[in-house]
Amino acid sequence: LLLIVLYSVTTGGNSLVNIQFTGENFKKIFEPVYMNVFIRSFKLGAITTIISLIIGYMLAYVISRFSDKAQNILILAVTIPTWINMLLRTYAWISLLSDNGIINSLLVFLGLDPVTMMYTDFSVIIGLVCDLLPFMVIPIHTSLAKMDHSLIEAAYDLGARPVTAFWKVTFKLNGTIMVFLLSISSFVIPKLLGGGQYVLIGNLIEEQFISVGDWNFGSAISMLLAVAILIMIRIMKKIDPDENGGA
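Since the model is a prediction, treat every value here as computed from it, not as a measurement. (Residues numbered from 1 in each chain as written. Predicted model: local features only at pLDDT ≥ 70, side-chain atom pairs only at ≥ 80, totals over all residues. Heavy atoms only, no water.)

Turning to the overall build of the protein chain, a few remarks are in order. For the protein chain, the count of helices and strands is 13 helices and zero strands. For the protein chain, the succession of helices and strands along the chain, N to C, is α-α-α-α-α-α-α-α-α-α-α-α-α. When the 247 residues of the protein chain are sorted by exposure, 39% land in the buried category. Summarising the internal contacts of the protein chain: among those between residues at least 6 apart in sequence, 67% fall at separations of at least 24. (Helix = DSSP H or I, 4+ residues; strand = E, 2+ residues; numbered from the N terminus. Buried < 20%, exposed > 50% of the residue type's maximum accessible area, 1.4 Å probe, protein only. Contact = heavy atoms within 4.5 Å.)

The geometry of helix α4 (residues 68–79) relative to helix α7 (residues 121–146) is characterised by a closest axis approach of 9 Å and an angle of 160° between their N-to-C directions. Compared by their axis directions, α4 and α7 come out roughly antiparallel. Where α4 crosses over α7, the handedness of that crossing is left-handed. Together, Gln71, Ile75, Val78 and Thr79 of α4 and Pro134, Val137, Ile138, His141 and Ala145 of α7 make up the contact between the two elements. Taken together, the residues of the contact of α4 with α7 break down into six nonpolar, three polar and no charged. (Axes fitted to C-alpha atoms, helices over the stretch in contact; angles between N-to-C directions. Parallel < 35°, antiparallel > 145°, perpendicular 65-115°, else oblique. Left-handed = near helix turned anticlockwise from the far one by under 90°. Nonpolar A, V, L, I, M, F, W, Y, C, P; charged D, E, K, R; others polar.)

A word on α7. Taking 1.5 Å of rise per residue, 26 residues should cover 38 Å, and α7 covers 37 Å from first to last C-alpha, within 8% of that figure. Of all bends in α7, the biggest is about 45°, found at leucine 132, and the proline proline 134 comes one to four residues later. (Expected span 1.5 Å × (residues − 1). Bend = angle between axes of the 7 residues up to and from the residue.)

On to the pattern of salt bridges, then. The final tally for this structure, using the stated rule, is three salt bridges. For lysine 191, the salt bridge identified is with glutamate 206, shortest N-O distance 3.3 Å. Taken together, the residues span a long stretch of sequence, with lysine 191 in helix α11 (residues 188–193) and glutamate 206 in helix α12 (residues 201–212) at a distance of 15 residues. (Salt bridge = Lys/Arg side-chain N within 4 Å of Asp/Glu carboxyl O.)

Moving on to unusual backbone geometry. Notably, tyrosine 119 is not glycine yet its phi reads approximately 60°, a positive angle. Within the secondary structure layout, tyrosine 119 lies in the loop between α6 (102–109) and α7.

Once that is clear, we can look at the environment of aspartate 68. Within the secondary structure, aspartate 68 is located in helix α4. Of the residues examined, aspartate 68 reaches a relative accessible area of 60% and is grouped as exposed.

A word on the packing of aromatic side chains. In this structure the tally under the stated criterion is six aromatic pairs. With 5.6 Å between their ring centres and 55° between their planes, phenylalanine 42 and phenylalanine 180 make a pair best called tilted. Of the two residues, phenylalanine 42 is situated in helix α3 (residues 32–64) and phenylalanine 180 in helix α10 (residues 176–185); the sequence distance between them amounts to 138 residues. Above the plane of the ring of phenylalanine 217 lies lysine 28, whose end atom (NZ or CZ) is 4.5 Å from the centre. (Phe/Tyr/Trp six-rings, centres within 6.5 Å; stacked < 30°, edge-to-face > 60°. Lys NZ or Arg CZ within 6 Å of the ring centre and 35° of its normal.)

A separate point is α10. Three or more residues of α10 are buried, namely Thr176, Ile177, Val179, Phe180, Ser183 and Ile184. Buried residues of α10, seen end-on, are gathered within an arc of 165° and therefore sit on one face of the element. (Arc of directions from axis to C-beta.)

One broad trend across soluble globular proteins is that nonpolar side chains are buried collectively. Within the largest apolar cluster, 16 residues are counted, with the highest numbers of intra-cluster contacts made by Ile29, Ile201, Ile221, Leu225 and Ile229. Put simply, the parts of the chain that give this core at least two residues each are α3, α10, α12 and α13 (215–239). In terms of residue count, α13 provides more of this core than any other element does, six residues in total. Counting 14 residues, the second largest nonpolar core, distinct from the first, contains Tyr57, Ile63, Met136 and Met147. (Core = buried A, V, L, I, M, F, W, Y, C linked by side-chain atoms within 4.5 Å.)

Among the surface-exposed residues, Ile47, Ile50, Ile51, Ile54, Ile55 and Met58 lie close enough to one another that they form a single nonpolar patch of about 500 Å² accessible area. Relative to the assigned elements, isoleucine 51 resides in helix α3. (Patch = residues over 30% accessible without salt bridge, like charges linked within 9 Å, V, L, I, M, F, W, Y side chains within 5 Å. Areas by Shrake-Rupley, 256 points an atom, 1.4 Å probe, with all protein chains shown as cover.)

A word on the side chain of serine 8. Within the secondary structure, serine 8 sits in helix α1 (residues 2–8). A residue is classified by how much of its surface remains accessible, and serine 8, at 2% relative accessible area, is buried. From its side chain, serine 8 meets the backbone oxygen of valine 5 in a polar contact 2.6 Å long. When residues no more than four places from it in sequence are discounted, the contact partners of serine 8 are Thr22, Asn25, Phe26, Asn216, Ser219, Ala220 and Met223. (Polar contact = N/O pair within 3.5 Å; in protein donor to acceptor, adjacent residues only side chain to side chain.)

The structure is reproduced here in structure tokens:
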């Protein structure tokens, strides 16, 4: 971490005895081409997180209503896909979503026109949601399983409406920060499902460190992302004091 901080505020080609500090690395981030990457990343990250929260909450709530033994089996079923290598899971989506893939072949068989799904926001979002959904389900399920359900009845007795009781007692945001962070920093799924021209923050950092070799600029991007995440965690703490970021 200290090296990342040091690289972010220095120029390239420095030696330890001749360090030159600069703010150009952070200034460069605000160029339009890089700001567009941040905007697109946060947009897709927000969409991915909202979809994962809706699906994950419903799934976690249903699981929490079963017996303890059944809950263990269902949570195991949710986590099983994570046992498979992420590359294999991503290539499976390619075989489903490609122009000549399984879904379009089925559409043609039914007499419908094929749909272009690959290399779009849709393909990237569906890949991210399916990959990160367990990180949303498990923290929410943990909170719901520990919740005292008599609190809901108490809220009704005190005159709370169903929506109010749900929002104040049942609704949990556990896992949202983790899913958002993983979605905007992912680089494998956007590269494979979004095509080589689909660049998010994770792809940009990878490119700077591996392809371009500009570790200073890559470190500056990483630092700005870390600060943004800390701010979001702070905001989430204000919204839901019981939220622990999914950790």
